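The primary structure of each chain is shown beneath.
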Amino acid sequence: PEARVIGRADRVTIPADPALPIRLIDWKTGARPAETSPAHLAQLAAYAGALERLHPGREVRAALVWTAAPALEEIAAEDLAAARAALLDRAGGGT
C-alpha cells in the first residue's frame, strides 16, 4: 500500500555496502522515558518504511537519541515492525 510520509529524520546513514544496515536516528529533547511512546515508534516506523521502499532489501535500524541526559535508545526490529503494521491498519492498508 502507498502512503505519504511528511517529515524529516534527523540523521540517516546509508552505507555503500548493501550488507550493512541503513541507520535512522531521531533526536528528542528531554530525558529518556521509561517506555517509548507509541507516537515516537509510529514516527520511526513511517520513516523506516519510506527508506525500505527506497532501498529494497536493505535492513533499516532505528534509534532515538535523548538530549537531556544523553541516551541512545535503539528500537527493536519487532517493535518497529509492530508500529508499522499498526500504521498500515489505521491507514486501511493492513491485512
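Residues numbered from 1 in each chain as written. Predicted model: local features only at pLDDT ≥ 70, side-chain atom pairs only at ≥ 80, totals over all residues. Heavy atoms only, no water.

A.B. asks: I'd like to hear about the nonpolar core, residue by residue, with values.
C.D. replies: Leu24, Leu44, Val60, Ile75 and Leu80 are the most contacted members of the largest nonpolar core, which has 15 residues in total. A total of 6 residues in this core trace back to one element, the largest contributor, which is helix α1 (residues 38-54). With residues near it in sequence (within four places) discarded, Leu80 still touches Leu41, Leu44, Ala45, Ala48, Val60, Ala62 and Ile75. (Core = buried A, V, L, I, M, F, W, Y, C linked by side-chain atoms within 4.5 Å. Buried < 20%, exposed > 50% of the residue type's maximum accessible area, 1.4 Å probe, protein only. Helix = DSSP H or I, 4+ residues; strand = E, 2+ residues; numbered from the N terminus. Contact = heavy atoms within 4.5 Å.)

A.B. asks: Please give an account of the sheet that holds strand β3 (residues 60-66) that cites residues and values.
C.D. replies: Across the sheet, 4 strands lie side by side as β1-β2-β3-β4; this open sheet has mixed pairing. Bordering the open sheet on either side are β1 (11-13) and β4 (71-75), each of which pairs with just one other strand. Across the sheet, the mean angle from the axis of one strand to that of its neighbour is 20 degrees, orientation sign disregarded. Here β1 pairs with strand β2 (residues 22-28) via 3 bridges, running antiparallel. Its bridge partner being in β2, Val12 is matched across the sheet by Leu24. Strand contacts of α1: β1, β2, β3 and β4, with the helix running at about 150 degrees to β2, the strand carrying the most contacts. (Pairing = 2+ DSSP bridges. Axes fitted to C-alpha atoms, helices over the stretch in contact; angles between N-to-C directions.)

A.B. asks: Please set out the pattern of salt bridges residue by residue, giving values where relevant.
C.D. replies: Applying the stated criterion across every chain yields a total of 5 salt bridges. Linking Arg23 and Glu74 is a salt bridge whose minimum nitrogen-to-oxygen distance equals 3.6 Å. Placement of the pair is Arg23 in strand β2 and Glu74 in strand β4, with a sequence separation of 51 residues. Judged by its relative accessible area of 32%, Arg23 falls in the partly exposed class. We note a salt bridge from Arg32 to Glu73, for which the minimum N-O separation is 3.8 Å. Highlighted residues: Arg32 in the loop between β2 and α1 and Glu73 in strand β4, separated in sequence by 41 residues. A relative accessible area of 45% places Arg32 in the partly exposed class. (Salt bridge = Lys/Arg side-chain N within 4 Å of Asp/Glu carboxyl O.)

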